[in-house]
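Remarks on the overall topology
Read off the chains here:
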Amino acid sequence: MSDLVWLNGEYLPRERATVSVDDRGFLFGDGVYEVIRVVGGRYIDADRHLRRLRRSLAELELVDPAASGLDLLGIGAELVGRQRLGNGEAAIYLQVTRGAAPRRHAFPPAGTPPTVFIAAAAFEPKASQRAHGVAAITHPDLRWDRCDIKSVNLLPNVLANQRATERGACEAILVRGRTVTEATHSSVFAVIDGCVRTHPNGPAILPGVTRGVVLELAAAEGLALREDAFEADDLPRATELFLTGTTTDVMPVTHLDGRPVGMGVPGPVARRLGELLQERMER
């Protein structure tokens, strides 16, 4: 069976999976999500993703479906198996909303069941893009002040990524005031004066799972490393710029706002960290 999803206790063909028009995810963006990579039938960093999901749920006072015994990873594995995705790569999408209730801004009555949706889809790694690098643009960061919560409410990200697409770029690197935060769906690293730098965790960025892994790999490799904010004015001095993410891996940015970054080709730091990440996933 192909194109199968799980919704509120049922495995269904995608075209038959529907949610109520009163669902708060639909009406308010009142929900959270996660994406977990699967390689050769094995989850990659599932524990880290589930910890982040639990944190996002707790921050928004949403019901944790796993607390009632729901096996989210087991459902994802079943979807992978039924769709015969285990021999290649796949991505599992998990979404939890506050459920369906009459439209009012305050929370619905206690006991309102959450809406839980899980899907699995084949994933094709971006090997060619990683080898040659991608283009990005800078864009004002217009998001809310709790970007550390992986909310389904992504309209500012959508608009920024659309501007990137219109300019022939793959990503928009977000700038709040003068500070580089992250990108629309990935974390941002820069090599400035020989040091690998990235914005520290906090409300301004999502605590990226791959970001955390790459920081560990960089530290183990003995690279100079600083988790502190850098500014848009620092970007012209960057010899390398790269993105990280669950479906991004380590992606070199070779052109920013139409100008080359460094030599305009993937640099040694991004290449090495990408190799280390790939080796880790294969293990």
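Structural data are supplied above this passage.
Everything in this summary refers to the structure shown in the same document. These numbers were taken from a predicted model, which means no experiment stands behind them. All chains use their own residue numbering, which begins from 1 and follows the written sequence. In keeping with the model being predicted, local features are shown solely for residues with a pLDDT of at least 70 and side-chain atom pairs are shown and tallied solely at 80 or more, while totals for entire chains, interfaces and linings include all residues. Side-chain metrics in this entry use all non-hydrogen atoms of the structure; hydrogen atoms and water are not considered.

Here's the deal with helix 3 (residues 72-82)
- For helix 3, the complete set of buried residues consists of Leu 72, Ile 75, Gly 76, Leu 79 and Val 80. Down the axis, helix 3 shows its buried residues gathered within 140° of arc, on one side only.
- Remark: Arg 84 follows helix 3 within two positions and exhibits a positive phi of approximately 55°. Under the scheme applied here, a residue whose accessible area is under 20% of the maximum for its type counts as buried, over 50% as exposed, and between as partly exposed, the area being computed with a 1.4 Å probe on protein chains only. Secondary structure is summarised from DSSP: a helix means a run of H or I of at least four residues, a strand means a run of E of at least two, and numbering begins at the N terminus for each. Think of the arc as the fan of directions from the helix axis to the C-beta atoms.

A look at the nonpolar core
- Counting residues in hydrophobic clusters, the biggest one holds 24 residues, and the most contacted among them are Val 32, Leu 53, Leu 79, Ile 92, Leu 94 and Ile 118.
- For this core, the secondary structure elements donating two or more residues are strand 1 (4-7), strand 3 (31-39), helix 2 (46-59), helix 3, strand 5 (89-97) and strand 6 (115-122). Here, the term nonpolar core denotes a set of buried Ala, Val, Leu, Ile, Met, Phe, Trp, Tyr and Cys residues that are joined through side-chain atoms within 4.5 Å.

As for helix 6 (residues 209-220)
- Helix span, as expected, comes to 1.5 Å for every residue beyond the first. Spanning twelve residues, helix 6 covers 17 Å between terminal C-alpha atoms, matching the ideal 16 Å at 1.5 Å per step.
- Summarising burial for helix 6: nine of the twelve residues are buried, a large majority.
- Of all the residues in helix 6, the buried ones are Val 209, Thr 210, Arg 211, Gly 212, Val 213, Val 214, Leu 215, Leu 217 and Ala 218.
- At the C-terminal side of helix 6, Gly 222 shows a positive phi close to 80°.

Things to note about a nonpolar patch on the surface
- Within this analysis, patches are made of residues with over 30% relative accessible area and no salt bridge. Like charges are joined at 9 Å or less; nonpolar side chains (Val, Leu, Ile, Met, Phe, Trp, Tyr) at 5 Å or less. Each accessible area is a Shrake-Rupley result for a 1.4 Å probe, and residues are judged covered by the shown protein chains and nothing else. What counts as a salt bridge is simple: a side-chain nitrogen of Lys or Arg found within 4 Å of a carboxyl oxygen of Asp or Glu. A surface patch of nonpolar side chains, about 280 Å² in accessible area, is lined by Leu 155, Val 158 and Leu 159.
- Inspection of the secondary structure assignment puts Val 158 in helix 5 (residues 155-166).

Things to note about the packing of helix 2 against helix 6
- Where helices are involved, their axes are fitted lines through C-alpha atoms of the stretch in contact, as for all axes, and angles between N-to-C directions lie from 0 to 180°. Viewed as axis vectors pointing N to C, helix 2 and helix 6 meet at an angle of 130°, and their least axial separation amounts to 10 Å. Comparing the axis directions of helix 2 and helix 6 gives the class oblique. Pair helix 2 / helix 6 crosses with right-handed handedness. Together, Arg 48, His 49 and Arg 52 of helix 2 and Val 209, Gly 212, Val 213 and Glu 216 of helix 6 make up the contact between the two elements.
- In terms of residue class, the contact of helix 2 with helix 6 is built from two nonpolar, two polar and three charged. Oblique is the label for any angle not covered by the other classes, which are roughly parallel (under 35 degrees), roughly antiparallel (over 145) and roughly perpendicular (65 to 115). When the near helix sits turned anticlockwise from the far one by under a right angle, the crossing is termed left-handed; a clockwise turn instead gives a right-handed crossing. Here, residues are in contact when the closest pair of their heavy atoms is within 4.5 Å. Ten residue types, Ala, Val, Leu, Ile, Met, Phe, Trp, Tyr, Cys and Pro, are classed as nonpolar, four, Asp, Glu, Lys and Arg, as charged, and the remainder, Gly among them, as polar.

Examining the packing of aromatic side chains
- Two aromatic rings from Phe, Tyr or Trp, using only the six-membered ring of Trp, form a pair when their centres are within 6.5 Å; if the ring planes differ by under 30 degrees the pair is stacked, by over 60 it is edge-to-face, and anything between is tilted. Across all of its chains, the model carries three aromatic pairs by this definition.
- Judged by centre distance (5.1 Å) and plane angle (5°), the ring pair of Phe 189 and Phe 242 falls under stacked. Of this pair, Phe 189 sits in strand 10 (residues 187-192) while Phe 242 sits in strand 13 (residues 240-245), placing them 53 residues apart in sequence.
- Residue classification places Phe 242 among the buried positions, given a relative accessible area of 0%.
- What links up through ring pairs into an aromatic cluster is the set Tyr 33, Tyr 93 and Phe 117.
- As a reminder, the over-ring test applies to NZ of lysine and CZ of arginine, requiring each to be within 6 Å of the ring centre and within 35 degrees of the ring normal. Stacked on the ring of Tyr 11, the Lys or Arg Arg 82 has its end atom at 4.2 Å from the ring centre.
- The residue whose ring lies beneath Arg 98 is Phe 107, and the NZ or CZ to ring-centre distance is 3.7 Å.

Regarding the sheet that holds strand 1
- Only strands that DSSP links by at least two bridges are regarded as paired with each other. The sheet built from six strands is open, its strands ordered 2-1-6-5-3-4 with antiparallel pairing. The outermost strands of the open sheet, each flanked by one partner alone, are strand 2 (10-13) and strand 4 (42-43).
- Pairing of strand 3 with strand 5 involves nine bridges; the strand directions are antiparallel. Paired with Ile 36 across the strands is Ile 92, a residue of strand 5.
- Along the sheet, helix 2 makes contact with strand 3, strand 4 and strand 5, crossing strand 3 at roughly 180°.

Let's talk about the side chain of Thr 248
- Inspection of the secondary structure assignment puts Thr 248 in the loop between strand 13 and strand 14 (249-256).
- Judged by relative accessible area, Thr 248 falls into the buried class, the value being 9%.
- Every residue in contact with Thr 248, bar those within four places of it in the chain, is listed here: Arg 130, His 185, Ser 186 and Leu 243.

What about unusual backbone geometry?
- One non-glycine residue with positive phi stands out, namely Glu 61, at about 60°.
- Structurally, Glu 61 is set in the loop between helix 2 and helix 3.
- Phi angles above zero are rare outside glycine, and Asp 193 is one such case at about 55°.
- By the secondary structure assignment, Asp 193 is in the loop between strand 10 and strand 11 (195-198).
- Here Asp 193 falls in the exposed class, since its relative accessible area comes to 65%.

With respect to the packing of helix 6 against helix 7 (residues 268-282)
- Packing of helix 6 against helix 7 leaves a shortest axis separation of 10 Å and a crossing angle of 110°. The angle between the axes of helix 6 and helix 7 places the two elements in the roughly perpendicular class. Crossing angle aside, the handedness with which helix 6 passes helix 7 is right-handed. Across the interface between the two elements, Thr 210, Val 213, Val 214, Leu 217 and Ala 218 of helix 6 pack against Leu 273, Leu 276, Leu 277 and Arg 280 of helix 7.
- Here the residues of the contact of helix 6 with helix 7 sort into seven nonpolar, one polar and one charged.

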